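Fold and geometry: a report
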Amino acid sequence: MSAALSFTHIPNPTPTPAAEREALLAQGGFGTVFSDHMVTIEWSQDKGWHKAEVRKREPFLLDPAAAVLHYAQEIFEGMKAYRTPEGKITLFRPDQNARRFNLSAERMAMPTLPEETFLEAVELLVQTDKDWIPGGNGSLYLRPFMFASEAFLGVRPAHHYTFCVIASPVGDYFKGGAKPVSVWVSTEYTRASQGGTGAAKCGGNYAASLVAQAEAYDNGCDQVVFLDAAEHRWIEELGGMNVFFVLEDGSLLTTPLAGTILPGITRASLLELARARGLKVEERRYSFEEWQADARSGKIKEAFACGTAAVVAAIGEVRYAGGSFKIADGQTGPLTESLREELTGIQRGRVADTRGWARPVAI
Ligand SMILES: *Cc1c(COP(=O)(O)O)cnc(C)c1O
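Residues numbered from 1 in each chain as written. Predicted model: local features only at pLDDT ≥ 70, side-chain atom pairs only at ≥ 80, totals over all residues. Heavy atoms only, no water.

With an unreviewed UniProt entry as reference, the chain is termed Branched-chain-amino-acid aminotransferase, source organism Kerstersia gyiorum. Regarding the chain, the UniProt comment filed under Cofactor (unreviewed entry) reads as follows: "pyridoxal 5'-phosphate". UniProt, in its Function (unreviewed entry) section for the chain, records the words "Acts on leucine, isoleucine and valine." (UniProt positions renumbered as here; feature names shortened; annotations may be inferred.)

Let us look at helix H7 (residues 288-297). Along H7, the residues classified as buried are Phe288, Trp291, Gln292, Asp294 and Ala295. With its phi angle positive at about 90 degrees, Gly298 sits one or two positions after the end of H7. (Buried < 20%, exposed > 50% of the residue type's maximum accessible area, 1.4 Å probe, protein only. Helix = DSSP H or I, 4+ residues; strand = E, 2+ residues; numbered from the N terminus.)

This next bit is on the environment of Gly135. Inspection of the secondary structure assignment puts Gly135 in the loop between helix H4 (115-128) and strand E7 (139-148). Of the residues examined, Gly135 reaches a relative accessible area of 55% and is grouped as exposed. When the C-alpha positions of Gly135 and Thr84 are compared, they lie 9.0 Å apart, and in sequence the two are 51 residues distant.

Cross-referencing UniProt, the feature "modified residue: N6-(pyridoxal phosphate)lysine" (unreviewed entry) maps to Lys201 in the present numbering. The topology assignment puts Lys201 in the loop between strand E9 (181-186) and helix H5 (203-218). With sequence-adjacent residues up to four places away left out, Lys201 is seen in contact with Ile75, Phe76, Glu77, Gly78, Arg100, Ser104, Tyr206 and Leu262. (Contact = heavy atoms within 4.5 Å.)

The subject of this paragraph is the packing of helix H6 (residues 265-276) against helix H8 (residues 334-348). Running from N to C, H6 and H8 point in directions that differ by 110 degrees, and their axes come no closer than 11 Å. Considering their axes alone, H6 and H8 lie roughly perpendicular with respect to each other. Crossing of H6 against H8: the hand is right-handed. Residues Thr266, Ser269, Leu270 and Leu273 of H6 pack against Leu339, Glu342, Leu343 and Ile346 of H8. Looking at side-chain class alone, the contact of H6 with H8 contains five nonpolar, two polar and one charged residues. (Axes fitted to C-alpha atoms, helices over the stretch in contact; angles between N-to-C directions. Parallel < 35°, antiparallel > 145°, perpendicular 65-115°, else oblique. Left-handed = near helix turned anticlockwise from the far one by under 90°. Nonpolar A, V, L, I, M, F, W, Y, C, P; charged D, E, K, R; others polar.)

As structure tokens, then:
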């Protein structure tokens, strides 16, 4: 049924005038400005995926009993479209987002979307709203998501879902140079546990992380680092980014994918780039105690967080209930910097893409 899915295009009759759009694009920031269109596809038990449309971006008409509002059956993805120096448009490894979206869907007892439909939906929106891709160091952030739209208060997987893609232009994430972030290690709150939803990209994980994020802000930090739920000992990840450590011998260390952390595409890409350089890379558990001791002894040289939004962000300072310590003197370390340069170079078409990671979008 979904193999024959074809998209109906209903252009926005009142798109944003060019001058206004340019002013919005110049604003920068993250997640506050949106393009003129969206893609929606409906799913019902009897019809499967149907009613695929590219249409004007507008509010949903949602029944107050819509299951998502009560039981949080919702998943999402995050990816970026870039304009290369030659004026082409590319997406970075969108097939990986399509695949992960379906893994999240399975965990949340939601229907899966054929990967080619996911990719087509994203590409159609990029093509339709290509004028919303900022130049320079900006990009068009794409947010595919799906939620339970059935009006029913009983507790079971819903019988009706809505898939949607919206687009938001983002300026240079690090205006005025990438500043290292400070992180708060939460020893009270945890994000995910074995058997839970930590490896799924669902809104509920974020809802559960916000109180710890607020605690981080209260302690003057930008981000929160979560420890494992069983022992409150092992470093897992940040609220929305994976974490890496650089050891004194030049090797890299990162948390293994063991069901409680999100399998980041940035993480996987950096692992591949590091291995291709011949660096020693370990995916193993690393405790907060070790991190403190290794920072003190000088064994840890750098630390960074990674994800689609910021790509690579150096961690300059670590704070926790019992104290604080600095990493790399609060600066961005050389390996962090060079991995960021290589990955952003591939994403933006400045560095040769030998792995076919940058997928061109026809325009
Ligand atoms: C999305 C996300 C990441 C990063 O994944 P990328 O594919 O690299 O963007 C890391 N952790 C969490 C919790 C996330 O939701």
